[in-house]
Amino acid sequence: MRRRCFYLMGHGPTGAAVRVVGALGIEGPSAGAQWESHFSWIPLLEEVDVQGWREDLERARGAGALDEDLVEHWVETANGITRDITEVESPEAPSLALAVEALVDLALVS
């Protein structure tokens, strides 16, 4: 099983997608070819900052499509202007959720 983690980038003061608005982790595939996912948002951001990502993640999770193929599509099509997604090294953590929350903590102190 493989774990991959990403920062979700949204609009910054320059108008480009340079501000971390959340973190996403995926892990899989399991024996049943399923992918586990976890995402978390940077606290106290305005709804507009995470709106596009929030909608896409909820829609993908609801459809059972939040997997490596979809995330790769997001990586390939991110334009860095309206939004971006950046793969980062997965923190050492016993669970995917804890790894993602560690990334949010790191973003808060940066």
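Just above sits the structure.
These lines cover the structure that appears in this document, whether it is placed above or below.

Reading the values: rules and limits
Residues numbered from 1 in each chain as written. Predicted model: local features only at pLDDT ≥ 70, side-chain atom pairs only at ≥ 80, totals over all residues. Heavy atoms only, no water. Core = buried A, V, L, I, M, F, W, Y, C linked by side-chain atoms within 4.5 Å. Buried < 20%, exposed > 50% of the residue type's maximum accessible area, 1.4 Å probe, protein only. Helix = DSSP H or I, 4+ residues; strand = E, 2+ residues; numbered from the N terminus. Contact = heavy atoms within 4.5 Å. Pairing = 2+ DSSP bridges. Phe/Tyr/Trp six-rings, centres within 6.5 Å; stacked < 30°, edge-to-face > 60°. Lys NZ or Arg CZ within 6 Å of the ring centre and 35° of its normal.

### Quick word on the nonpolar core
Grouped together as the largest cluster of nonpolar side chains are 16 residues, with contacts concentrated most on L8, L24, L57, L66, V71, W74 and I85. For this core, the secondary structure elements donating two or more residues are β1 (2-11), β2 (17-28), β3 (36-41), α1 (47-62) and α2 (68-77). For this core, the element with the highest residue contribution is α1, accounting for four residues. Not counting chain neighbours up to four residues away, the residues in contact with W74 comprise L24, W53, D56, L57, A60, L66, R83 and I85.

### Some remarks on the pairing of β2
Burial analysis of β2 places nine of its 12 residues in the buried class, the great majority of the element. Sheet topology places β1 next to β2; 10 bridges connect them, and they run antiparallel. In the sheet register, F6 faces β2, and the bridge partner there is L24. What sits between the antiparallel neighbours β1 and β2 is a turn of five residues, in which G15 has the positive phi angle 95 degrees. When β2 meets β3, the two strands line up antiparallel, connected through six bridges. Residue E27 lies in a different strand from β3, and its bridge partner there is E36.

### Focus: the pairing of β1
Summarising burial for β1: seven of the 10 residues are buried, a large majority. Bridge count for β1 against strand β4 (residues 84-88) is five bridges, and the pairing is antiparallel. Within the sheet, the bridge partner assigned to F6 lies in β4 and is E87.

### Brief notes about the packing of aromatic side chains
A complete count under the given rule lists two aromatic pairs for this structure. Pairing W53 with W74 gives two aromatic rings, centres 5.5 Å apart and planes at 80 degrees, and the pair type is edge-to-face. A residue pair is termed long-range when its members are at least 10 positions apart, and W53 in helix α1 and W74 in helix α2 qualify at 21 residues. Look at W53 and you get buried, because its relative accessible area is 3%. Positioned above the aromatic ring of W53 is the side chain of R83, whose terminal nitrogen or guanidinium carbon lies 4.1 Å from the ring centre.

### Quick word on the side chain of S37
Looking at the secondary structure, you find S37 in strand β3. Ignoring sequence-local partners within four residues, the contact set of S37 consists of G25, I26, R61, L66 and L96.

### Examining the environment of P43
You can see P43 is positioned in the loop between β3 and α1. It is 12 Å that separates the C-alpha atoms of P43 and A23, two residues lying 20 residues apart in sequence. Sequence-distant contacts of P43, defined by excluding residues within four places in its chain, comprise V104 and L108.

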